[in-house]
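Spelled out, the chains give:
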Amino acid sequence: MTETTKPIKKPHGKARHIEGKCVACGARCESSCPVDSIEMSDAGEPVVLTVKCIGCEKCVKVCPAAALEMFYTPEELELLRKWEAQHGAAGEEISEEERALREMLARYRGVWVFIEQYDGEAAKVSWELLGTGADLAGILDVELCAVIIGHQVGHLCDEAFAYGADKAILLDNPVYLNYRTQPYSDAICHLVEKHRPEVILMGATGQGRDLAGAVATVVKTGLTADCTGLGIDDRRNLMQTRPAFGGNIMATIMCDKFRPQMATVRPHVMAMPERRAGRTGTVIREGFAPREEDVLVKVIEVLSDRDGKDQVDVAAAEFIVSGGRGLMNKENFALLQELADELGGVVGASRSAVDAGWISHGRQVGQTGKTVRPKIYIACGISGAIQHMVGMQDSDVIIAINRDPEAPIFQIATYGIVGDLFQLVPALTRRVRDLRSTRGCEVPERVAV
Ligand SMILES: Cc1cc2nc3c(=O)[nH]c(=O)nc-3n(C[C@H](O)[C@H](O)[C@H](O)COP(=O)(O)OP(=O)(O)OC[C@H]3O[C@@H](n4cnc5c(N)ncnc54)[C@H](O)[C@@H]3O)c2cc1C
Ligand code: SF4
Ligand code: SF4
């Protein structure tokens, strides 16, 4: 007679919060709970109502910070041990839904960077993203691919390899001569369906924002705009960090149930990778091209503002002298211009100064302005609101001039000067001028658009 083992039912246990691990992701755990047994505290952390918890583990699986775990009574632990003996230690029970999801996710592999170009010249942000893409591809152990669309743009493949791409997908056709949403979006969607990348990065520029949104809508996936940090978690999810709630917190967003995972990043947020001339890769030429007569938008003429006289590219400047509400009026910005001229730099501003009409929006630094990474950033009469700091905190050297010793800008400043900017800025200008005349230094050429 053979002994039959009675099947043991797996004990469910209850969820609990691991103190100090919650990153206040926006209450994913609360919204995942099918029986409303999670409430959020004022600090944005979960409080599990143990009496209601049915132990479904949904909150544990959904938490990006592994801040929730299951706990079992001693009796349940004993049962769990027996259950594991019957099912094997790795007796993971997965639902059909979970199995289908895992299979779908496994079909997508590779990191893509869309190479934005005008007249065959690539936008610098695309090379910056290849640097970040290479890091992500390294963690995921996949290839980094540059996606190049345009007309007579084959030369960009070699550039992409020099900046770290392992391969390049090239769509070269007259229909792609000028950027238009429909043909470019159709092209990327076609490529996504064919090659199934798991990550797509684009610059948060006019073109990149337009294209990324159109593609994400068609392929039905998530898109995180204006990321300031990108990483990979232990389930191959792209961790997309960006300011949220008006810039008061940094949120890490994940798209764990859809592929590809799409993110845009502003110019100058990521560091420029080293250019290694002569580095090679594989070019994949794709023939997909919509017929010109099927494209509704026609480009009649391209007007360039490159010769505009007052156009200053704050984002590309190596020296920036920025002014805030402490400048008091428009005319006082002349003081900053003098110092910027001595340094061969440009004048930037906080949003308060822009809103007051003292300077144009093109000069605004921060969350809703430009992101900058100059060698030296001099903040004059700027308090250091988080929305300003996210746009300039990666500057090599930050010099802050403020009469309030408690101003938050001093927390990130390399050098802080407590005092009146109306005395300090002219004094600095004089000092730089004197040094230049005694040492005979040339004023560096200003970077203009
Ligand atoms: C959604 C959102 C997006 C935003 N985006 C941006 C953005 O992109 N960029 C941005 O800058 N802001 C942005 N803001 C606004 C931001 O929150 C702040 O209001 C703004 O940065 C404050 O500008 P400020 O530092 O010039 O002015 P204030 O905060 O008023 O600071 C003025 C500073 O000048 C100092 N000061 C005054 N007189 C002198 C003097 N004579 N000498 C020396 N110091 C002096 C004062 O001590 C004070 O610290 C955004 C806000 C929101 C809600
Ligand atoms: S384990 Fe399930 S029931 Fe319990 S708190 Fe988490 S989601 Fe809710
Ligand atoms: S899902 Fe995790 S990180 Fe997000 S609020 Fe809940 S416990 Fe915190």
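You'll find the structure just up there.
Residues numbered from 1 in each chain as written. Chains lettered and ligands numbered in written order. Predicted model: local features only at pLDDT ≥ 70, side-chain atom pairs only at ≥ 80, totals over all residues.

1. Quick word on the nonpolar core
Now for step 1: Residues A146, V147, I148 and A160 are the most contacted members of the largest nonpolar core, which totals 53 residues.
Now for step 2: Dropping the residues within four chain positions of it, V147 is found in contact with W112, F114, I115, I169, I188 and L191.
Now for step 3: I320, F333, A340 and C380 belong to the second largest nonpolar core, which has 41 residues in total. (Core = buried A, V, L, I, M, F, W, Y, C linked by C-beta atoms within 7 Å. Buried ≥ 20, exposed ≤ 12 C-beta atoms within 10 Å, placed from the backbone. Contact = placed C-beta atoms within 7 Å.)

2. Focus on the sheet that holds strand β19 (residues 376-380)
Now for step 1: Taken together, the five strands give an open sheet; going across it, the order is β18-β17-β19-β20-β21, and neighbouring strands pair in parallel fashion. Two strands bound the open sheet, and with one partner strand each, they are β18 (346-349) and β21 (415-418). Between one strand axis and the next, the sheet turns by 20° as a mean value, whatever way the strands run.
Now for step 2: Inspection of the sheet shows strand β17 (residues 319-323) paired to β18 by four bridges, in the parallel sense. Following the sheet pairing, I320 is matched in β18 by V346.
Now for step 3: Across the face of the sheet, helix α9 (residues 333-343) comes into contact with β17, β18 and β19 while running at roughly 170° to β17. (Pairing = 2+ DSSP bridges. Helix = DSSP H or I, 4+ residues; strand = E, 2+ residues; numbered from the N terminus. Axes fitted to C-alpha atoms, helices over the stretch in contact; angles between N-to-C directions.)

3. Thoughts on the site of ligand 2
Now for step 1: Within the structure, ligand 2 sits among 14 residues, and A15, C33, C53, C56 and C59 are positioned closest to it.
Now for step 2: Counted by class, the shell around ligand 2 contains nine nonpolar, three polar and two charged residues. (Near = placed C-beta within 6 Å. Nonpolar A, V, L, I, M, F, W, Y, C, P; charged D, E, K, R; others polar.)

4. Details of the site of ligand 3
Now for step 1: As a structural note, the neighbourhood of ligand 3 is formed by 15 residues, with C22, C25, C29, C63 and A67 the closest of them.
Now for step 2: Looking at the shell around ligand 3, its residues break down into 13 nonpolar, no polar and two charged.

5. Notes on the environment of L201
Now for step 1: Here L201 shows up in strand β10 (residues 199-203).
Now for step 2: Looking at L201, the number of C-beta atoms within 10 Å reads 30, which means it is buried.
Now for step 3: A sequence separation of 69 residues divides L201 from T132, and the C-alpha atoms of the two residues are 9.2 Å apart.
Now for step 4: Those residues in contact with L201, other than ones at most four positions away along the chain, are V113, L129, T132, G133, A263 and V265.

6. Side note on the pairing of strand β8 (residues 144-150)
Now for step 1: Taking burial as the measure, the seven residues of β8 include seven buried ones, the bulk of the element.
Now for step 2: Alternating positions in β8 separate into two faces, L144, A146, I148 and G150 on one and C145, V147 and I149 on the other, with burial throughout.
Now for step 3: When β8 meets strand β9 (residues 167-172), the two strands line up parallel, connected through six bridges. The partner of I149 across the bridge, within β9, is L171.

Spatial relationships are all this shows, so hold off on functional conclusions.
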